[in-house]
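Okay, here's what each chain looks like letter by letter:
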Amino acid sequence: MRHLKSGRQLSRNSAHRWALMRNLITALLREEKIRTTDPKAKELRRWVERVITLGKRGDLHARRQALSIVQDKSVVRKLFDSIGPRFKDRPGGYTRIIKIGVRHGDAAQMSIIELVGGEPPKESSSGGGKRRRRARRQPAEKREAA
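Residues numbered from 1 in each chain as written. Predicted model: local features only at pLDDT ≥ 70, side-chain atom pairs only at ≥ 80, totals over all residues. Heavy atoms only, no water.

### Let's talk about the overall build of the chain
Helix and strand content of the chain: five helices and three strands. Within the span of the chain, comprising 146 residues, buried residues form 32% of the whole. The contacts in the chain between residues at least 6 apart in sequence include a share of 59% that link residues at least 24 apart. Working note: accessible area of the chain is about 10,600 Å², and carbon and sulfur atoms make up 49% of it. (Helix = DSSP H or I, 4+ residues; strand = E, 2+ residues; numbered from the N terminus. Buried < 20%, exposed > 50% of the residue type's maximum accessible area, 1.4 Å probe, protein only. Contact = heavy atoms within 4.5 Å. Areas by Shrake-Rupley, 256 points an atom, 1.4 Å probe, with all protein chains shown as cover.)

Have a look at this one:
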């Protein structure tokens, strides 16, 4: 029986699950919006809420606790300098999960999880923006006529 066992297993052992959550937490705090599966997003929400609460506290012990979870020092700096103060007056509920349908490869339910309120997240320079369609070339006959 599974009584009083919190958290999702996500078909992984505990070390793999912890590494996955740390990577997702770091990515969400860096980008402020990520796309993942529904169960991962719901589990990620629990952890991110805790880490943002540490960022709101702002003391040295909270920073060290956050560094034990978040894998990037620059992300921890962002957490304590901008994200924590942004949610200073908010008692919880720092994230929003938006369901976006199914993934084509395996029909997994997909979601976007993002931080709520404040300034909008900045575009990352990693090329993760929208794809643009290339304009079709016209046949040679039409090009000459124009």
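### So, the packing of aromatic side chains
Evaluation of the coordinates by the stated rule reveals two aromatic pairs. For the ring pair Trp 18 and Trp 47, a centre distance of 5.2 Å and an interplane angle of 55° mean the geometry is tilted. Pair noted here: Trp 18 is in helix α1 (residues 14-31) and Trp 47 is in helix α2 (residues 38-57), with a separation of 29 residues, a long-range link. Accessibility expressed as a relative area gives 33% for Trp 18, which makes it partly exposed. When the ring of Phe 87 is compared with that of Tyr 94, the centres are 5.1 Å apart and the planes differ by 50°; the resulting orientation is tilted. Taking relative accessible area as the criterion, Tyr 94 reaches 2% and is therefore assigned buried. When the ring centre of Trp 47 is taken as origin, the NZ or CZ atom of Arg 50, which lies over that ring, is 5.0 Å away. A cation sits over an aromatic face here: Arg 63 above Phe 80, 4.5 Å from the ring centre. (Phe/Tyr/Trp six-rings, centres within 6.5 Å; stacked < 30°, edge-to-face > 60°. Lys NZ or Arg CZ within 6 Å of the ring centre and 35° of its normal.)

### Focus: the sheet that holds strand β2 (residues 95-102)
If you trace the three strands from one edge of the open sheet to the other, you get β1-β3-β2, paired in antiparallel fashion. Each having just a single partner strand, β1 (33-37) and β2 make up the two edges of the open sheet. Looking at each pair of strands side by side, their axes are set apart by 25° on average, direction ignored. Across five bridges, the pairing between β1 and strand β3 (residues 109-115) is antiparallel. What sits directly across from Lys 33, in β3, is Glu 114. Contacts from α1 reach β1, β2 and β3, with the element oriented near 145° to β1. (Pairing = 2+ DSSP bridges. Axes fitted to C-alpha atoms, helices over the stretch in contact; angles between N-to-C directions.)

### Here's the deal with the confidence of the model for the chain
Mean pLDDT over the chain: 89, with 81% of residues reaching 70 or higher. Taken element by element, the chain is modelled with least confidence in helix α5 (residues 140-145), mean pLDDT 67, and with most confidence in β3, mean pLDDT 98. (pLDDT = per-residue confidence, 0-100.)

### A short note on the environment of Val 102
If you trace the backbone, Val 102 turns up in strand β2. With residues near it in sequence (within four places) discarded, Val 102 still touches Ala 107, Ala 108, Gln 109 and Met 110.

### Focus on unusual backbone geometry
The backbone of Leu 10 shows a phi angle near 55°, a positive value even though the residue is not glycine. Looking at where Leu 10 falls in the secondary structure, it is placed in the segment before α1. Even without being glycine, Glu 32 reaches a positive phi, approximately 70°. Tracing the sequence through the fold places Glu 32 in the loop between α1 and β1.

### Looking at the side chain of Thr 36
Note on placement: Thr 36 falls in strand β1. The buried category is assigned to Thr 36, whose relative accessible area is 7%. With near-sequence residues (within four places) excluded, Thr 36 lies in contact with Ala 41, Gln 109, Met 110, Ser 111 and Ile 113.

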